[in-house]
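Report on the structure
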Amino acid sequence: MEDTILLEVVTPEKSLIKVDTKEVTAPGEEGEFGVLPGHTPFMTVLKTGEIKYGGKEGSYRYLAVNDGFAEVMHDRVNILVESAEKAEEIDIQRAEAARDRAEQRIQNADKEEIDFARAQAALKRALVRINVATKAG
């Protein structure tokens, strides 16, 4: 059995990463799941959250992702998501501004007609981006 697994993350715009790694952790719809080389194959829906991968000498890399799908096979993990950003590429000030806008919209929900679910989703995306960006290093 190989000691690495191929991780590929693809958005509608581009292939973000294609890398051999020791392990992958992703935000499944039913909860976070981890994958090691030789894992039992499955497919699942992904929710907005963070992908963690690496494990070589204890180093990990992080991605912020928005809804999508994961296909796990014995030797690879294919992730198809609406959008994804590497931790080191996230503009934390922009993410904080998005968080503030979403929080303001939610607070004013009684005063104005907004799509509450859309505002909550925007808040979650912003919080994930902020969390992932703080792990860049």
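In short, a report on the structure. Please read these numbers as outputs of a predicted model, since none were measured by experiment. (Residues numbered from 1 in each chain as written. Predicted model: local features only at pLDDT ≥ 70, side-chain atom pairs only at ≥ 80, totals over all residues. Heavy atoms only, no water.)

**Digging into the environment of Glu-2**
Keep this limit in mind: Secondary structure elements are taken from DSSP: a helix is a run of H or I of four residues or more, a strand is a run of E of two residues or more, and numbering for both begins at the N terminus. With a 1.4 Å probe rolled over the protein chains alone, any residue whose accessible area is under 20% of its type maximum counts as buried; one over 50% counts as exposed, and the rest are partly exposed.
Structurally, Glu-2 can be placed in the segment before strand 1 (5-10). Overall, Glu-2 belongs to the exposed group, its relative accessible area being 58%. For Glu-2 and Gly-38, which are 36 residues apart along the polypeptide, the C-alpha to C-alpha distance reads 7.6 Å.

**Details of the packing of aromatic side chains**
We count it as follows: Two rings from Phe, Tyr or Trp (for Trp, the six-membered ring) form a pair when their centres are within 6.5 Å of each other. A pair whose planes differ by under 30 degrees is stacked, one over 60 is edge-to-face, and the rest are tilted. Only lysine NZ and arginine CZ atoms are considered, and such an atom sits over a ring when it is within 6 Å of the ring centre and within 35 degrees of the ring normal.
By the definition in use, this model includes one aromatic pair. A cation over an aromatic ring shows up here: Lys-52 above the ring of Tyr-60, its NZ or CZ 4.4 Å from the ring centre.

**Focus on the pattern of salt bridges**
Side chains bearing opposite charge may pair, as long as their charged atoms lie close to each other. Which entries qualify depends on this criterion: Salt bridges are defined as contacts in which a side-chain nitrogen from Lys or Arg sits within 4 Å of a carboxyl oxygen from Asp or Glu.
For the structure shown, the criterion picks out six salt bridges. As a salt-bridge pair, Glu-50 and Lys-135 come within 2.8 Å of each other at their nearest N and O atoms. Of this pair, Glu-50 sits in strand 6 (residues 49-54) while Lys-135 sits in the segment after helix 2 (116-133), placing them 85 residues apart in sequence. Of the charged contacts, one joins Arg-129 and Glu-85 as a salt bridge, the two residues approaching to 2.5 Å between their closest N and O atoms. Here Arg-129, found in helix 2, pairs with Glu-85, found in strand 8 (residues 76-86); they are 44 residues apart in sequence, far enough to count as distant. The exposure class assigned to Arg-129 is buried, which follows from its relative accessible area of 12%. Glu-85 gets classed as partly exposed once you look at its relative accessible area, which sits at 22%.

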